[in-house]
Amino acid sequence: HMQMQMLFPDDLSSNSKILDYGCGMGGVCQLFYDKYNCCIDGVEISENELKKAKIAFGMNRNINFILLDNFLFPEKKYDLVFSSQVIEHVHNVGNYLSKINSMLRNNGYLLIGLPNIVNINYLVNLIFFSQKRALKHSQKVIDSYDKAHHHINGWDPLHFITLNASCGFELIKYIPTEGTPISSFLSAVPFFGKYIYNLPFTTRLSYTMFFLFRKIKDVKIGQYE
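Residue numbers here run from 1 along each chain, matching the order of that chain's written sequence. For this predicted model, a pLDDT threshold of at least 70 governs which residues receive local features, and a threshold of 80 or more governs which side-chain atom pairs are given and counted, while totals over whole chains, interfaces and linings are taken from all residues. For the side-chain quantities, the full set of heavy atoms in the structure was used; hydrogens and water were omitted.

### Notes on the sheet that holds strand β3 (residues 63–67)
By definition, two strands form a pair when at least two bridges between them are found by DSSP. Helical segments are the DSSP runs of H or I of at least four residues, strand segments are the runs of E of at least two, and each set is numbered from the N terminus. Spatial ordering of the open sheet is given by β3-β2-β1-β4-β5-β7-β6, a layout of seven strands whose pairing is mixed. Each having just a single partner strand, β3 and β6 (169–177) make up the two edges of the open sheet. Neighbour to neighbour, the strand axes of the sheet diverge by 15° on average, direction disregarded. Judged from the seven bridges that link them, strand β5 (residues 104–115) and strand β7 (residues 208–215) form a sheet pairing that is antiparallel. Within β7, the position partnered with Y109 by the bridge is R214. Each axis is a line fitted through C-alpha atoms, and for a helix only the stretch in contact is used; angles between axes span 0 to 180 degrees, taken between their N-to-C directions.

Below, the structure is given as structure tokens:
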């Protein structure tokens, strides 16, 4: 979140309206309030997480926490929609991004974070992937699928930008976040370690990534598209 705050737009104000779509315990809602002193809606699918958010930040009258089942998806209300570590759990990603598009005002912002599949763990798993492991994984998910826990989608930066552009969002800035095991190791190596650590190729092998997009046109994705 420290890295992600570098993507907060500078042109929002106390008159802006922000949605945290998948707010969890509400910490980022408070960050937005501290930055802009504006009204924020935090929406969450988990009643338990929402209770924690209300305990921690519910005294702030400018932050409104809403259970997803009770959320009305208002048209063109928000100047910024924030969503972190959500889209990888969503089955219908086109509808998800289409809804965000419809809730944003013209030229509004989408600030979104998600895992990066192009990292060391992914490459290692790919090397050792086999028919046996594939069958075992399929059965495991069928037996114990948990929407809050399992990632059902994954992207590299290029294809994620493609997806969002197809839904009316133009990229403003992208940053890799959280580092990787190899970059953490390299940063401790004397002399050349920090140089390699800061190379674009190394930093791009990050656990997660954040994107700041701007809505440049209305796009509606149909249920069967």
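### Section: helix α1 (residues 27–36)
An α-helix turns once every 3.6 residues. As a result, residues three or four positions apart point the same way. Listing the buried residues of α1 in full gives V28, C29, Q30, F32, Y33 and Y36. Residues of α1 that are buried sit in contact with β1 (17–21), β2 (39–44), α2 (47–57), β3, β4 (78–84) and β5. Backbone geometry just downstream of α1 places N37 in the positive-phi region, at approximately 55°. Only protein chains enter the accessibility calculation, which uses a 1.4 Å probe; a residue whose area is less than 20% of its type maximum is buried, one above 50% is exposed, and one in between is partly exposed. Contacts between residues were defined by any pair of non-hydrogen atoms, one from each residue, lying within 4.5 Å.

### Some remarks on the packing of aromatic side chains
Each aromatic pair joins two rings of Phe, Tyr and Trp (for Trp, the six-membered one) with centres within 6.5 Å, and gets the label stacked for planes under 30 degrees apart, edge-to-face for over 60, and tilted for any other angle. Evaluated as defined, the whole model comprises 14 aromatic pairs. A centroid spacing of 6.1 Å and a plane angle of 75° characterise the contact between Y21 and F73, whose relative ring orientation is edge-to-face. A residue pair is termed long-range when its members are at least 10 positions apart, and Y21 in strand β1 and F73 in the loop between β3 and β4 qualify at 52 residues. Where Y174 meets F211, the ring centres are 5.1 Å apart and the plane angle is 25°; that geometry is what we call stacked. Residue Y174 is found in strand β6, and its partner F211 is found in strand β7; the two are separated by 37 residues along the sequence. Using a relative accessible area of 22% as the deciding quantity, one classes Y174 as partly exposed. By relative accessible area, F211 is classed as buried at 0%. A network of ring pairs unites the aromatic residues W155, F160, F169, Y174, F211 and F213 as a single cluster.

### Some points on the nonpolar core
Side-chain atoms within 4.5 Å are what join buried Ala, Val, Leu, Ile, Met, Phe, Trp, Tyr and Cys residues into a set we call a nonpolar core. Of all hydrophobic cores here, the largest spans 27 residues; its most connected members are I87, Y96, I100, L110 and F160. For this core, the secondary-structure elements that each account for two or more residues are β1, β4, α3 (93–103), β5, α6 (157–166) and β7. Take this core: its biggest share by element is five residues, from α3.

### Looking at the side chain of E88
Topologically, E88 is positioned in the loop between β4 and α3. For the buried E88, which has no salt bridge, the nearest side chain bearing the opposite charge is K147, at an N-O separation of 11 Å. If we skip the residues at most four places from it in the chain, E88 touches L114, P115, H150, H151, I152, N153 and W155. For the purpose of charge, His is not counted, nor are the chain termini; Lys and Arg are scored as positive and Asp and Glu as negative. Each salt bridge in this description consists of a side-chain nitrogen of Lys or Arg and a carboxyl oxygen of Asp or Glu lying within 4 Å of one another.

### Quick notes on the environment of M4
Here M4 lies in the segment before β1. When the C-alpha positions of M4 and P74 are compared, they lie 26 Å apart, and in sequence the two are 70 residues distant. When near neighbours in sequence (up to four residues on either side) are disregarded, M4 contacts V28, F82, L111, I175 and F210.

### Description of the environment of A134
Looking at the secondary structure, you find A134 in helix α5 (residues 131–144). For A134, a relative accessible area of 24% gives the class partly exposed. The sequence separation of A134 and F65 amounts to 69 residues, and the corresponding C-alpha distance is 40 Å.

### Some points on unusual backbone geometry
Backbone phi values are negative for most residues with the exception of glycine, while trans is the configuration of most peptide bonds. We note that F73 has phi near 50°; this positive angle belongs to a residue other than glycine. Non-glycine residue Q85 carries a positive phi angle of around 60°. Position of Q85 relative to the elements: it lies in the loop between β4 and α3. Taking the relative accessible area as the measure of exposure, Q85 reaches 31% and is therefore partly exposed.

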